[in-house]
Amino acid sequence: MIRIFAILLSILLSACSSTSHVLIGQERPPISPEQVVVYTEPPAEYEKIAILQSSSRNSWTFTEQGKVDAAIERMKQEAAKLGANGVLLESTGDEHSGYISTGSGTYERHTAIGIEVGMPLTHKTAHGTAIWVPPTQANSN
């Protein structure tokens, strides 16, 4: 029963989106995510397209850097869908989404004795702006 519940929970969580956007400018035709450049400082000229928020939730990465990379990659994919050729990265952070634990219990009138072991579930988040940078500016960076 617990195994079935864990599988159903996994399917439900994988269906949840870990990237969102709010349009604040003109959407453009989609491009490839490989064409999206991440900026930590704003370029000289750009147009804002959308506010982006993403998370490393449901990724199979375990290191802190891997989680940040997953969140940023998801932002690039969302920006590309909107036709943005850049993402102005504004911040990264942590998102706590629960706790995994194992322990003892009772099964058919038998008590199992054990030690409870637990671990918090933490994901990385990224916030930024999807931008369109004119080709002359994009080539100079």
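It should be noted that the structure appears before, not after, this text.
In this text the structure is predicted, and so the values were computed from the model without any measurement.

S.K.: I'm lost on the overall build of the protein in this one. Help?
M.R.: A tally of regular secondary structure across the protein gives three helices and seven strands. For the protein, the α and β elements follow one another from N to C terminus as α-β-β-β-α-β-β-β-β-α. A total of 141 residues make up the protein; the buried ones form 30% of that total. By sequence separation, contacts in the protein at least 24 residues apart represent 78% of the contacts at least 6 residues apart. Split by element, the accessible area of the protein, about 9,600 Å² in all, is 58% carbon and sulfur.

S.K.: Help me out: how do you make sense of the environment of E95 in this one?
M.R.: Turning to its location among the elements, E95 is positioned in strand β4 (residues 86–102). Residues contacting E95, with those up to four places away along its chain left out, are S55, R57, L121, T122, H123 and T125.

S.K.: Explain the packing of aromatic side chains to me, please; I cannot follow it from the model alone.
M.R.: Following the criterion strictly, the structure yields zero aromatic pairs and no others. Its end group placed over the ring of W132, R28 keeps NZ or CZ at 3.8 Å from the ring centre.

S.K.: Can you walk me through the pattern of salt bridges in this structure?
M.R.: Opposite charge on two side chains permits them to pair, given that their charged atoms come into close proximity. Under the definition given, this model contains four salt bridges. Across the pair E47 and R28 runs a salt bridge whose closest N-O atoms are separated by 3.1 Å. With a gap of 19 residues between them, E47 in strand β3 (residues 47–55) and R28 in the loop between β1 (19–23) and β2 (37–39) connect regions that are remote in the sequence. Owing to a relative accessible area of 27%, R28 belongs among the partly exposed residues under this scheme. Ionic pairing is found between E78 and K81, a salt bridge with its closest N-O pair at 3.8 Å. On the criterion of helical spacing, the pair formed by E78 and K81 is a turn pair, its members being three residues apart in helix α2 (residues 64–81). In this structure E78 comes out as buried when scored by relative accessible area, which is 11%. Accessibility expressed as a relative area gives 53% for K81, which makes it exposed.

S.K.: Looking at this structure, how should I read the nonpolar core?
M.R.: For soluble globular proteins, the rule of thumb is that nonpolar side chains tend to be buried together. Counting residues in hydrophobic clusters, the biggest one holds 16 residues, and the most contacted among them are L52, A79 and A130. Mapped by element, the contributors of at least two residues to this core are β3, α2, β4 and β7 (117–132). With six residues, α2 is the single largest residue contributor to this core.

S.K.: Hey, could you run me through a nonpolar patch on the surface in this one?
M.R.: Together, V22, I24 and I51 make up a nonpolar patch on the protein surface, roughly 260 Å² of accessible area in all. Here V22 lies in strand β1.

S.K.: Is there a simple way to explain the environment of A79 in this structure?
M.R.: On the secondary structure map, A79 appears in helix α2. A79 sits in the buried class, given a relative accessible area of 0%. Residues A79 and E27 lie 52 residues apart in sequence; the distance between their C-alpha atoms is 9.7 Å. The residues contacting A79, other than those within four sequence positions of it, are V36, L52, A84, G86, V87 and A130.

The rules behind the values
Residues numbered from 1 in each chain as written. Predicted model: local features only at pLDDT ≥ 70, side-chain atom pairs only at ≥ 80, totals over all residues. Heavy atoms only, no water. Helix = DSSP H or I, 4+ residues; strand = E, 2+ residues; numbered from the N terminus. Buried < 20%, exposed > 50% of the residue type's maximum accessible area, 1.4 Å probe, protein only. Contact = heavy atoms within 4.5 Å. Areas by Shrake-Rupley, 256 points an atom, 1.4 Å probe, with all protein chains shown as cover. Phe/Tyr/Trp six-rings, centres within 6.5 Å; stacked < 30°, edge-to-face > 60°. Lys NZ or Arg CZ within 6 Å of the ring centre and 35° of its normal. Salt bridge = Lys/Arg side-chain N within 4 Å of Asp/Glu carboxyl O. Core = buried A, V, L, I, M, F, W, Y, C linked by side-chain atoms within 4.5 Å. Patch = residues over 30% accessible without salt bridge, like charges linked within 9 Å, V, L, I, M, F, W, Y side chains within 5 Å.

Note that every value here comes from positions in space, so none of it alone points to a role or purpose.
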